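Observations on the three-dimensional arrangement
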Amino acid sequence: MPSPGSAQESVSASRRSKITPERAQELYNAVLDLVRESGYDSLTMEGVAARTRCGKSTLYRQWGSKPELVVAALHSTRRTLFSDIDTGSLPGDLHATARVVDAASGQDTALMHALSHAALQNPDLLCAMRSTLITPAIAAIDAMVERAVRRGEIAADNPAADYVAAQVLGIMRARPLLEGRYADDAFLTHFIECAVLPALGLPSPPPAPPGSGT
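Notes on the structure in this doc start here. (Residues numbered from 1 in each chain as written. Predicted model: local features only at pLDDT ≥ 70, side-chain atom pairs only at ≥ 80, totals over all residues. Heavy atoms only, no water.)

1. Description of the overall build of the protein
Of regular secondary structure, the protein possesses 10 helices and zero strands. For the protein, the α and β elements follow one another from N to C terminus as α-α-α-α-α-α-α-α-α-α. Here the protein holds 214 residues, and 41% of them are scored as buried. Taking all contacts inside the protein whose residues are at least 6 apart in sequence as the whole, residues at least 24 apart take part in 64%. Per element, the accessible surface of the protein, about 11600 Å² overall, is 54% carbon and sulfur. (Helix = DSSP H or I, 4+ residues; strand = E, 2+ residues; numbered from the N terminus. Buried < 20%, exposed > 50% of the residue type's maximum accessible area, 1.4 Å probe, protein only. Contact = heavy atoms within 4.5 Å. Areas by Shrake-Rupley, 256 points an atom, 1.4 Å probe, with all protein chains shown as cover.)

2. Quick look at the pattern of salt bridges
Under the definition given, this model contains 10 salt bridges. A salt bridge links arginine 175 to glutamate 179; the shortest N-O distance between them is 3.1 Å. Residue arginine 175 and its partner glutamate 179 are located together in helix α9 (residues 164–179), separated by four residues, close to a single helical turn. Since its relative accessible area comes to 7%, arginine 175 is described here as buried. Owing to a relative accessible area of 41%, glutamate 179 belongs among the partly exposed residues under this scheme. A salt bridge links glutamate 179 to arginine 181; the shortest N-O distance between them is 3.1 Å. (Salt bridge = Lys/Arg side-chain N within 4 Å of Asp/Glu carboxyl O.)

3. A closer look at the nonpolar core
Counting 33 residues, the largest nonpolar core has Leu59, Trp63, Val70, Leu74, Leu115 and Leu125 as the members making the most contacts within it. When residues of this core are assigned to their parent elements, the largest contribution, seven residues, is made by helix α2 (residues 21–38). Once residues within four sequence positions are removed from consideration, valine 70 is found in contact with Val31, Tyr40, Leu43, Leu115 and Leu125. Phe82, Val145, Val164 and Ile192 belong to the second largest nonpolar core, which has 30 residues in total. (Core = buried A, V, L, I, M, F, W, Y, C linked by side-chain atoms within 4.5 Å.)

What follows is the structure in C-alpha cells.
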C-alpha cells in the first residue's frame, strides 16, 4: 500500500503531466518575451496567462511563483551564441562575436539587461541567468583566447588574456546603462580594435579615412 507521501507525489506528477513539453516551451518563450518587453518587475502570472491563454491556476500549480517560472524558462533555453565561432584568428573570432551580439541584441542582451537587477535580489534567478546566459558566453570567448595562445598569436602569460570575456560582456552590459543603446556591431568592433586587441599585443586595423562612412 503506497504511503501518503508517495500518493501525494503521484497526484502532483499527474497534475504536472497535463502540460506537454511542447506547451511548456511555448509558455517559457512567452515568459522571456514578456520580460524583454516590460522587465522582470512588470511580469505577472496574470500577464503570462493572458499571453498564453493558460489558466493562472495552472501556472501556479505547475511552477508555484513568478521567480520559479522565470528560472524554469531560463533553464529551457541555454544560449551558445559564440560556440560555433572559429575563424582561425582571435581578431576574426572577436569581430564575428561582435556581429553575433548585434544580431542577438533584441534577444539575449535585452533579456540580460531586464533581469540583472532582479537577479541580484534572487539567488535562484541569478544562478539561472549565469548558467544559461553568462557562463556559456564566457566559456566560448575563453576558448577563442586559448586557441589564440596555442596558435602563438598571443603570449600565454599575457595578463590581458584573462579579461577578454569580461571586457566584451561587460561593455555589452554597460552601454545600455551609459548611453541607452545596445552595443551593436559597429560599437563593439571599434571597442575591440581600440581596447581589446592593443591590450593583447595584437595589431588593430588602421583608422578609416575621413568620409569613408565607417
